[in-house]
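Examination of the molecular architecture
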Amino acid sequence: MKKEKEKETRTSIVQVILDDYEHGDTDWRKYPNQGQNDGKRSIRIVQALYDEIGKTELNRQVLELQARHLLQDGKGQKISGWYTRGSELEQIVYRLSDIPRFYEMDGRVPKYERYFEPFLKLRQELQKLRGRQQTWKPWIDQCIGELENDLEREKIPKICKDEETREIYFNTLAGLNEIEEPVSRRIFSKKYLKNSKSFQRAVQDKIISDARKFCPDVDADEEVMGNDEVLSEIGIETYHQELSVKGPLQFELAGNKIDTALFAYGTILNAETLKYAKLLPEQTIRKIVTVENKANFMEMSYEEGTLLVYSHGFFSPKERLFLKNLRECLGEQGAEYFHTSDLDYGGIRIFMNIKEKIFPDVKPLAMDGETFFKYQEYGEKRDEKYLQKVRDTNVPAELKELKECILKTGCTIEQESMLF
């Protein structure tokens, strides 16, 4: 119905010629160089064209264009031919080299320009974006590169289709490249996007998706690393980073010496404390146990010489730095490191992350076959897709037994089950 309506509005053979030229996916792409093209195209005259424009008017226009040497005249194939000159047309033939003149006569913007203008504009904007920073963080550079690759495939990225959203996204990339210290989501949004809610409303989902694809410190699996943890990794705080501890930790803060052993039921070190606390060399810690789940952390009793740390999943960059400094502070004191977690894919990945980025000597605690079968009645069945992720994970030797238990039973067990 739409095509029929468009045809009904045509009043000239020039419009018919341009519609024919713009049909398909070849000729119109060569428009900038069309003036040097000596190729020809033909249009067979059918009754529908006479009905649309009117027979007398169509014939008159064809004769006029032939007189101006814009249509081929004469007899034979592949040229404009008349059954009866001025009365009955067989076909018309136009030269591709005359297309610019037809566009001028019709007043139509060439399809080439209509089609490629958005790509050209976006390419220019991406060049300006790259010029805003001397160097880019590798993962952000890959975000921009993905947009450029889409343009090469003549595809406008979804995030760039709306001009306002595109501007917010570009400013977000520039802001993320600039920040060196974690900043709260709303402060970041206000500083770089002029509105405290623009980041979360317009581009947060896209940024999280980008980070999962390109940032090496972010896990692509949503079951392993939540969205807030992803944002934390790239420097956006959705909440004040807090480290819950229970046990003897000694540090100096604002000139005061503090020993968290006095808090028998645990305490919380907020983001500013993590940043400014100076760890003291006279630590009495002999064992550090990181705990994934809050309920288990809260239920574990204070034990002299043991520091319990609630991990809530993956530790944030600020938390990792604090714990790495603590490991260095303990030095040669012979402290042991343990992690206890859900007996599932996420727990395995969290353990591996701690081993890689914080405590190289960490050992699993209650993450073995004996524990698994002890609480198996509380297990949850997993589908094949989930089990395949476990199967594909190259786990350290100390977790191979747990991996085999999961694959053998098709179940996983949440750490809270151990509190029953």
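Report on the accompanying structure.

Quick notes on the overall build of the protein
In terms of helices and strands, the protein carries 18 helices and 16 strands. For the protein, whose C-alpha radius of gyration is 35 Å, the value lies well above the compact-globule estimate of 22 Å for 420 residues. On the principal axes, the C-alpha backbone points of the protein span a range of 110 × 50 × 30 Å. Across the 420 residues of the protein, 47% fall into the buried class. Considering only intrachain contacts with a sequence separation of at least 6, the fraction spanning at least 24 residues in the protein is 67%. Roughly 22,700 Å² of accessible area belongs to the protein as shown, and the carbon and sulfur atoms make up 47% of that amount.

Thoughts on the environment of phenylalanine 322
Counting through the fold element by element, phenylalanine 322 comes out in helix H14 (residues 317-330). The spacing of phenylalanine 322 and alanine 277 is 45 residues in sequence and 8.9 Å in space, taken between C-alpha atoms.

Focus on helix H7 (residues 138-152)
Taking 1.5 Å per residue as the helical rise, H7 with its 15 residues ought to reach 21 Å, and the 21 Å between its terminal C-alpha atoms agrees with that figure. Restricting attention to buried positions, one finds in H7 the residues Trp139, Ile140, Cys143, Ile144, Gly145, Leu147, Asp150 and Leu151. Each element contacted by the buried residues of H7 is listed here: helix H6 (111-131), helix H8 (163-178) and helix H10 (198-214). Within two residues after H7, glutamate 154 carries a phi angle of roughly 55 degrees, on the positive side.

Here's the deal with the sheet that holds strand E7 (residues 250-253)
Ordered in space as E8-E7-E10, the three strands form an open sheet in which the pairing is antiparallel. Only two strands of the sheet have a single neighbouring strand rather than two, namely strand E8 (256-259) and strand E10 (278-279). Bridge analysis of E7 against E8 gives four bridges, and the strand direction is antiparallel. Across the sheet, glutamine 250 pairs through a bridge with aspartate 259, a residue of E8.

What to know about unusual backbone geometry
Although it is not a glycine, glutamate 154 adopts a positive phi angle of roughly 55 degrees. Topologically, glutamate 154 is positioned in the loop between H7 and H8. Backbone geometry at alanine 366 places phi at a positive 55 degrees, although glycine is not the residue there. Within the element layout of this structure, alanine 366 appears in the loop between strand E14 (363-364) and helix H16 (369-374).

Let's talk about the pairing of strand E12 (residues 306-310)
Burial runs high along E12: five of the five residues are buried. Both faces of E12 are covered, namely the face carrying Thr306, Leu308 and Tyr310 and the face carrying Leu307 and Val309. The sheet contact formed by strand E6 (residues 243-246) and E12 spans two bridges and is antiparallel. The residue of E12 that forms the bridge with valine 245 is valine 309. With helix H13 (residues 294-299) bridging strand E11 (residues 287-291) and the parallel E12, this β-α-β connection has right-handed handedness.

What about the packing of aromatic side chains?
This model, assessed by the stated rule, comprises 16 aromatic pairs. Consider the rings of tryptophan 28 and tyrosine 115, whose centres lie 5.1 Å apart with planes at 70 degrees: the pair is edge-to-face. Note that tryptophan 28 is positioned in the loop between helix H2 (13-22) and strand E1 (40-44) and tyrosine 115 in helix H6, a separation of 87 residues in sequence. By relative accessible area, which is 2% here, tryptophan 28 ends up buried. For tyrosine 115, a relative accessible area of 28% corresponds to the partly exposed category. Centroid distance tyrosine 345 to tyrosine 386: 6.2 Å. Interplanar angle 75 degrees. Geometry classified as edge-to-face. On the criterion of sequence distance, the pair formed by tyrosine 345 in helix H15 (residues 345-357) and tyrosine 386 in helix H17 (residues 384-392) is long-range, its members being 41 residues apart. Ring pairs connect the aromatic residues Trp28, Tyr112, Tyr115, Phe116 and Phe119, which therefore count as one cluster. Stacked on the ring of phenylalanine 297, the Lys or Arg lysine 246 has its end atom at 5.2 Å from the ring centre. Sitting above the plane of the tyrosine 386 ring, arginine 382 keeps its charged end 4.2 Å from the centroid.

Looking at the sheet that holds E12
The mixed open sheet is built from six strands, whose spatial order is E9-E6-E12-E11-E13-E14. Edge positions in the open sheet fall to strand E9 (267-269) and E14, since each of these has one partner strand only. In terms of strand pairing, E6 meets E9 through three bridges, oriented antiparallel. Looking at the pairing, serine 244 lines up with isoleucine 268 of E9. Of the strands in this sheet, E11, strand E13 (336-340) and E14 are in contact with H15, which crosses E13 at around 155 degrees.

Rules of the game
Residues numbered from 1 in each chain as written. Predicted model: local features only at pLDDT ≥ 70, side-chain atom pairs only at ≥ 80, totals over all residues. Heavy atoms only, no water. Helix = DSSP H or I, 4+ residues; strand = E, 2+ residues; numbered from the N terminus. Rg over C-alpha atoms; globule rule 2.2 N^0.38 Å. Buried < 20%, exposed > 50% of the residue type's maximum accessible area, 1.4 Å probe, protein only. Contact = heavy atoms within 4.5 Å. Areas by Shrake-Rupley, 256 points an atom, 1.4 Å probe, with all protein chains shown as cover. Expected span 1.5 Å × (residues − 1). Pairing = 2+ DSSP bridges. Right-handed = clockwise from strand over helix to strand, strands pointing away. Phe/Tyr/Trp six-rings, centres within 6.5 Å; stacked < 30°, edge-to-face > 60°. Lys NZ or Arg CZ within 6 Å of the ring centre and 35° of its normal. Axes fitted to C-alpha atoms, helices over the stretch in contact; angles between N-to-C directions.

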